[in-house]
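Structural overview
So you can see what is in the structure, the chains are spelled out below.
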Amino acid sequence: MSALTRVVRSGVGRKRVQTVVIGLVVAIAVTSAVLGGSLMAASQGPFDRAFGQQRGAHLTAQFDAGAVTEAQLAASAGAAGVAASAGPFTSAQVELTDEIGHPVPPVTVVGRADAGGAVDRVVMVEGRWATGPGEIVLASGDRLRFGPEVVGRQWKVNGAPVTVVGIARSASDTAGAWATPAQLASWAGDGPRTYQMLYRFSAADSAEEVGTGKTAVEASVPAGALTGAVSWLDVRREAISDTILLVPFLIAFGLLGVVMAVLIIGNVIAGAVSTSTRRIGILKALGFTPAQVTRAYVAQALIPATVGAVLGVVAGNLLTVPILAQTNQLYGTSDNGVSLGVDALVFGGALAVVALTALAAAARAGRLRSVDALAVGRTPRPGRGRWATRLTSRLPLPRPVTLGLAHPFARPVRAVSIIAAIAFGAAAVTFAIGLGTSLNRVQEVEDIADVQVNALHERGPGEAGPGGPGPNGPGPGGPREPEPFNDPAAIEKVIAAQAGTAGYMGVARGEITAAGITGELESVAVTGPDSARYYRMVSGQWLTGPGQIIVSTPFLTAAGKQVGDSIALTSNGVRLTATIVGEVFNTDNDGLQVVTDMATLRAAEPELAPSMYYVSVRSGTDVEGYTQALKTALEPAGAAADSLSREPDEMVVVVNVLTGLLSLMLIVVAGLGVMNTVVLETRERVHDLGVHKALGMTPRQTTAMVIASVVVTGLIGGAAGTAFGVLLQRTVITEMAGSVGFRLPSSVLDAYGSGELLLLGLAGLVIAVAGALLPAGWAAKTRVAVALRTE
Amino acid sequence: MTAPLIELHEVTRRYDEGPPALNEVSLSIAPGEAVAILGPSGSGKSTMLNLVAGLDRPSAGTVTVDGVRVDRLGEAASARYRRARIGLVFQFFNLLDDLTVADNVMLPAQLAGMGRGAAERRAAELLGRLGVDRHAAAYPGRLSGGERQRVAVARALMNKPALLLADEPTGALDTASGEDVMRLLTELHADGQTVVLVTHDLELAERCATRTVQLRDGRVATGTAMELLR
């Protein structure tokens, strides 16, 4: 074994704490970076990834089964620009009812023998593909969301029993459900049916290219056979509104993780080398060259760092898999989370950071003249931070505390780096809490209603996704619009009289056009004492009378209007002029929904009446009991009541899980950074510690002194980190909303109360004290005689 | 008959597998005595001082100082014992470089809970008595060796200890400074301070001590000091 190898081995073994800290910090930093990096890689266009993985259809075309033959459709695969095709598949619209007879909105069922093929390789989310008669696979996507419990249930199609054997997801959104071709033919009977063809084009990046492909396909079949076609660009536009929300969030956490890792690793390595300066002097006195010294210390840092990096890559990938399982479900992707590119980049990057930092510090030590290196004492150079020692000695605090408070000022560069590490830890906590609060507040708006009342039918299983349909929209799947109440006043009277009612809002949905915006928009006319509670204002004010509307940011952007402007609307063929009195945070209808007072639209539709009531119950009221009682009370009036489920939104769950996990990692890294610094400080001051103890400092006083030494850094780091965390939260949440065209209300943006901010500011102190506890214990236990002998 | 201030009874201190640093040593020192512990390197002098100061614990035997069974004390009690009863003077002063002379001297009193004002007054008195009061606001690094040792002695006397333990107090000093410190220790003894010196400096022992105890290979030895030191 060479002398150099011996030095490296003994160095790694001798400084066990330092070795373990380097390994752990690198492991956690790499875990965090792999997790963030893998998720970022996976989030870079999850739709595109899913679309690519499933070989999604650039064009989903419907053909009239009476106007074209299967052979002609199969031949259309040879049309110019078609790279691949699937089909023809027969398709038909069927009436579905769930196991208790609730109707599900009509769905288009496609007859496919299997989920694979050259185009649109449908991914199974639950269960299996339909292989025989009486089996159906439901599509899960943006419109309909089904839980795994649906699989195995007996539903009905057009009155005939059918077993739900699976839930599948098509990135191209090609069907509402699938069955075997024979089964579909049986269901369709003599009714209208169509053929579905799925095409991939050699060029489909723009609407023009897709249009060219479509024209070629159309030309290859008999005229009039093509009855409809959906471009993948339209499907994509619909899908990515959720997807792009994750990107700013992951970028923020990714940057936090990387900067913290660099800081902590740099601090650990530089500290490791600086405490070995004397040893380096001895090695040089024994004949080691500067290059050998440098190599020895870089290797000493790289050994635990490599072990840590390997563990980190493994842990990062293990953590990524379950999280991506959730995002896979959300986006229909099938990423396993392992991105070799990310792994290699993070692994190499972490070791490069370790090597570079160690190289810089070790090279400096290597250049030291032996005599200077040997002369370097363990205590900080006299002169630094004495002003702080003088200042703190005047404080009316126990002397061990005032001694400790001055310690960071003796090593200002190290103090600054550890303040930065604590600040990033505190920023992560602040950011995580703020982001969670903001997202939950967005969700809260959806959750205000406890019960819905309608006249037509009870809520079907396919209509209410997590969180229920909510008052701000018709709910996933676009349930068929309920009939208006004949006597809304009677309904309102029953609701108001019901014990436990806190408030209610009546809603009438319709279609409207607005000057400057192409196409029909959804209008929501509201009535009732509770309506303002269901919307969060961004600017302006709530409706105070007829002739007023409130709209979202995308509406204002599309119409080129501002709050206070008038706008021409057309409802039911009647032209109306309304004033935009408020900008509201409302994501329904892609933010183009027009919310107004019932009286405004009655000018165009005198018979307009609510078709749905959303009811909130008083705090402490049993919602199920209330619903049953209301149901009974409403029955004579011809209305039904349903309680609304309040499961958290999947996106919120994913973000909350990620936020918690990444924050925890960053906090642990920050704590380890503090611990390492305090260990270094304690080592450097071990002789002084011995003197203090020889003079009568008790173990408790020693602990107090060591912990006090991180109080200033903890407080400064906590305060700076909290401020940064708040800034980050506002920036990220604003960016997340802005990426889909929305501005957020202050109630969502202002996630922190003053008490919370104070507590978060103290988070830095908690991280610092937690990191200092272990070395403080070691310091307290240090034997005086040993400490005094230590040079 | 006056009770002894220090009583070591069959004290043994063993480190690892080697021969004991102290081997069944028994020793008694009365209040007001000035005793020099003499012996060559490795004889167990510093081990004995550490045991008396409560900086270390014996492997066997008992150490009683001022009625306190020092060998039974835990870490915290041992610290309280030191700051109440023991003044320590080290060969290399062990002053804290980032504290002023006055702050160094005040430290033991402040660790014992004395208020800053009272500590300042006591420190000023001691620094004046030892002739280093002009350096009160200076940092130890600017003082000569003799001055530093005077400051160390002032710090050792801060809590009015029953016992002053000095480990080679002139070992790091030039002749003139050594003389200075010897004179100081003699004066302190003359004022009634019990002093235990650990040294291999015969002159220091002769001038400052009223009794010498010789150690060799961890045992109290007989013979002349010169013979033993050889």
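The present account deals with the structure reproduced in this document. (Residues numbered from 1 in each chain as written. Chains lettered and ligands numbered in written order. Predicted model: local features only at pLDDT ≥ 70, side-chain atom pairs only at ≥ 80, totals over all residues. Heavy atoms only, no water.)

1. Points about the overall build of chain B
- Looking only at helices and strands, chain B features eight helices and 10 strands.
- Here chain B holds 230 residues, and 57% of them are scored as buried.
- For chain B, long-range pairs separated by at least 24 residues make up 70% of all intrachain contacts whose partners lie at least 6 apart in sequence. (Helix = DSSP H or I, 4+ residues; strand = E, 2+ residues; numbered from the N terminus. Buried < 20%, exposed > 50% of the residue type's maximum accessible area, 1.4 Å probe, protein only. Contact = heavy atoms within 4.5 Å.)

2. With respect to the sheet that holds strand 9 (residues 211-216) of chain B
Residues and elements named next belong to chain B.
- Across the sheet, six strands lie side by side as 6-7-8-3-9-10; this open sheet has mixed pairing. Of all the strands in the sheet, just strand 6 (86-89) and strand 10 (219-220) have a single pairing partner and so form its edges.
- Direction of pairing for strand 7 (residues 163-167) relative to strand 8 (residues 194-199): parallel, over a ladder of five bridges. The residue of strand 8 that forms the bridge with Asp167 is Val198.
- Contacting strand 6 and strand 7, helix 5 (residues 145-157) runs over the sheet at an angle of about 165° to strand 6. (Pairing = 2+ DSSP bridges. Axes fitted to C-alpha atoms, helices over the stretch in contact; angles between N-to-C directions.)

3. Observations regarding the environment of B:Thr12
All names here are of chain B.
- As for its position among the elements, Thr12 is in strand 1 (residues 6-13).
- The exposure class of Thr12 is buried, given its relative accessible area of 9%.
- Taking the C-alpha atoms as reference, Thr12 lies 4.5 Å from Asn23; in sequence the two are 11 residues apart.
- For Thr12, the contacting residues outside a window of four places in its chain are Pro20, Leu22, Asn23, Glu24, Pro58, Ser59 and Ala60.
- A polar contact of 3.0 Å, which involves the side chain of Thr12, links it to the backbone nitrogen of Glu24. (Polar contact = N/O pair within 3.5 Å; in protein donor to acceptor, adjacent residues only side chain to side chain.)

4. So, the sheet that holds strand 5 (residues 68-69) of chain B
Residue and element names in this part refer to chain B.
- If you trace the four strands from one edge of the open sheet to the other, you get 2-1-4-5, paired in antiparallel fashion. Where the open sheet ends on each side, the last strands, each with one partner, are strand 2 (22-29) and strand 5.
- Bridge analysis of strand 1 against strand 2 gives five bridges, and the strand direction is antiparallel. Directly across from Ile6, in strand 2, lies its bridge partner Ile29.
- Of the strands in this sheet, strand 1, strand 2 and strand 4 (60-65) touch helix 1 (residues 45-53), which is tilted by about 125° from strand 1.

5. Brief notes about the packing of aromatic side chains
- Enumeration according to the criterion identifies nine aromatic pairs over all chains in this entry.
- An angle of 40° between the planes, with centres 5.4 Å apart, marks the rings of A:Phe485 and A:Tyr613 as tilted. Residue A:Phe485 is located in the loop between strand 11 (451-454) and helix 16 (488-497), and its partner A:Tyr613 is located in strand 19 (residues 612-617); the two are separated by 128 residues in the primary sequence. Across this residue pair, the class does not change: A:Phe485 and A:Tyr613 are buried.
- Aromatic ring contacts, followed pair by pair, group A:Phe485, A:Tyr504 and A:Tyr613 into a single cluster.
- In this structure, A:Arg386 packs its charged tip against the face of B:Tyr139, placed 3.7 Å from the ring centre. (Phe/Tyr/Trp six-rings, centres within 6.5 Å; stacked < 30°, edge-to-face > 60°. Lys NZ or Arg CZ within 6 Å of the ring centre and 35° of its normal.)

6. Re the interface of chain A and chain B
- Between chain A and chain B, the contact holds 26 residues from the first and 26 residues from the second.
- Overall, the association of chain A and chain B removes approximately 2,500 Å² of surface from exposure, summing both partners, and the carbon and sulfur fraction of that is 56%.
- Summed over the three residues of chain A that lose the most area to chain B, namely A:Arg386, A:Arg399 and A:Leu695, the buried surface amounts to 25% of that side.
- At the boundary of chain A with chain B, the tally comes to four salt bridges.
- For B:Asp98, the salt bridge goes to A:Arg685, with nearest N and O atoms at 3.8 Å.
- If you look at where chain A meets chain B, you find 11 residue pairs in polar contact (both at pLDDT 80 or more). (Buried area = accessible area lost by both parts, 1.4 Å probe. Salt bridge = Lys/Arg side-chain N within 4 Å of Asp/Glu carboxyl O.)

7. Considering the pairing of strand 7 of chain B
All names here are of chain B.
- Counting buried positions along strand 7 gives five out of five residues, so the element sits mostly inside the fold.
- As paired elements, strand 6 and strand 7 share four bridges and run parallel to each other. Bridged to Val89 within strand 7 is Ala166.
- Regarding the hand of the β-α-β motif, the stretch spanning strand 7, helix 6 (residues 175-190) and strand 8 is right-handed. (Right-handed = clockwise from strand over helix to strand, strands pointing away.)

8. A look at the packing of helix 14 (residues 399-406) of chain A against helix 22 (residues 699-708) of chain A
Residue and element names in this part refer to chain A.
- For the pair helix 14 and helix 22, the least separation of the axes is 7 Å and the interaxial angle reads 30°. One finds that helix 14 runs roughly parallel with respect to helix 22. The handedness of the crossing between helix 14 and helix 22 is right-handed. Counted together, Pro400, Val401, Leu403, Gly404 and Leu405 of helix 14 and Gln701, Ala704, Met705 and Ala708 of helix 22 form the full contact between these two elements. (Parallel < 35°, antiparallel > 145°, perpendicular 65-115°, else oblique. Left-handed = near helix turned anticlockwise from the far one by under 90°.)

9. A look at the nonpolar core
Residue and element names in this part refer to chain B.
- Core analysis: the largest hydrophobic core is formed by 56 residues, its most contacted members being Ile6, Ile37, Val65, Leu88, Leu163 and Leu165.
- For this core, the leading source of residues is helix 1, giving five residues.
- When neighbours within four sequence positions are excluded, Leu163 is seen to be in contact with Leu5, Ile6, Val52, Val65, Arg85, Ile86, Gly87, Gln193, Thr194 and Val196.
- Counting residues in hydrophobic clusters, the runner-up holds 40 residues, among them Ala152, Val153, Met182 and Val195. (Core = buried A, V, L, I, M, F, W, Y, C linked by side-chain atoms within 4.5 Å.)

10. A word on a nonpolar patch on the surface
All names here are of chain A.
- Together, Leu715, Leu758, Leu759 and Leu762 make up an exposed nonpolar region whose accessible area comes to about 390 Å².
- Examined against the element boundaries, Leu762 turns out to sit in the loop between helix 25 (754-761) and helix 26 (763-781).
- Given the relative accessible area of 37%, Leu762 is considered partly exposed. (Patch = residues over 30% accessible without salt bridge, like charges linked within 9 Å, V, L, I, M, F, W, Y side chains within 5 Å. Areas by Shrake-Rupley, 256 points an atom, 1.4 Å probe, with all protein chains shown as cover.)

11. Comments concerning the pattern of salt bridges
- Scanning all chains against the criterion turns up 24 salt bridges over all chains.
- For the salt bridge of A:Arg509 with A:Glu522, the shortest nitrogen-to-oxygen distance reads 3.9 Å. Taken together, the positions of A:Arg509 in strand 12 (residues 501-514) and A:Glu522 in strand 13 (residues 521-527) put the pair 13 residues apart, joining distant regions of the chain.
- Residue B:Arg207 is joined to B:Glu203 by a salt bridge in which the shortest nitrogen-to-oxygen separation is 3.6 Å. Of this pair, B:Arg207 and B:Glu203 are both found in helix 7 (residues 202-208), four residues apart, which corresponds to roughly one turn of the helix.
- Here B:Arg207 falls in the partly exposed class, since its relative accessible area comes to 35%.
- Through salt bridges with shared partners, a single ionic network connects A:Arg394, B:Asp103, B:Arg116 and B:Glu120.

12. What to know about unusual backbone geometry
- Positive phi, close to 55°, is recorded for A:Asp120, a residue that is not glycine.
- Residue B:Asp217 is not a glycine yet carries a positive backbone phi of 50°.
- When you line up the elements, B:Asp217 lands in the loop between strand 9 and strand 10.

13. A look at the environment of A:Thr320
- With respect to the element layout, A:Thr320 can be found in helix 10 (residues 290-331).
- Along the chain, A:Thr320 and A:Leu35 lie 285 residues apart, while their C-alpha atoms are 5.5 Å from each other.

14. Things to note about the side chain of B:Asp56
- Relative to the helices and strands, B:Asp56 is located in the loop between helix 1 and strand 4.
- A polar contact of 3.1 Å, which involves the side chain of B:Asp56, links it to the side chain of B:Arg13.
- Not counting the four nearest positions on each side in its chain, B:Asp56 is found in contact with A:Arg783, B:Arg13, B:Tyr15, B:Asn50 and B:Leu51.

15. Re the packing of helix 23 (residues 711-738) of chain A against helix 26 of chain A
Residue and element names in this part refer to chain A.
- For the pair helix 23 and helix 26, the least separation of the axes is 7 Å and the interaxial angle reads 145°. Pair helix 23 / helix 26 crosses with right-handed handedness. Contacts between helix 23 and helix 26 involve Val711, Gly714, Leu715 and Gly718 on the former and, on the latter, Gly764, Leu765 and Ala768.
- Grouping the amino acids of the contact of helix 23 with helix 26 by side-chain chemistry returns four nonpolar, three polar and no charged. (Nonpolar A, V, L, I, M, F, W, Y, C, P; charged D, E, K, R; others polar.)

16. Quick look at the pairing of strand 16 (residues 566-571) of chain A
Residues and elements named next belong to chain A.
- Pairing of strand 12 with strand 16, which is carried by two bridges, proceeds in the antiparallel orientation. When the sheet's bridge partners are listed, Thr513 is paired in strand 16 with Thr570.
- By the bridge criterion, six bridges tie strand 16 to strand 17 (residues 574-585) in an arrangement that is antiparallel. The residue bridging Thr570 from the neighbouring strand is Arg575, located in strand 17.
- The turn linking strand 16 back onto strand 17 is made up of two residues, and Asn572 within it adopts a positive phi angle of 55°.

17. Focus on empty space enclosed by the protein
All names here are of chain A.
- Counting across every chain of the model gives eight cavities of 30 Å³ or more.
- Estimates place the volume of the largest cavity at around 330 Å³.
- If you go around the largest cavity, you meet 29 residues; those closest to its centre are His407, Pro408, Glu681, Arg685 and Ser709.
- Of all the elements in the fold, those that place two or more residues in the lining of the largest cavity are helix 14, helix 15 (412-446), helix 20 (650-684), helix 21 (686-694) and helix 22.
- Grouping the constituent residues of the lining of the largest cavity by class yields 14 nonpolar, eight polar and seven charged. (1 Å grid on protein atoms, 1.4 Å probe; cavity = no way out; pocket = protein on both sides within 12 Å on 5 of 7 lines; lining within 4 Å. Points joined across faces, edges and corners; volume = space filled by probe spheres on them.)

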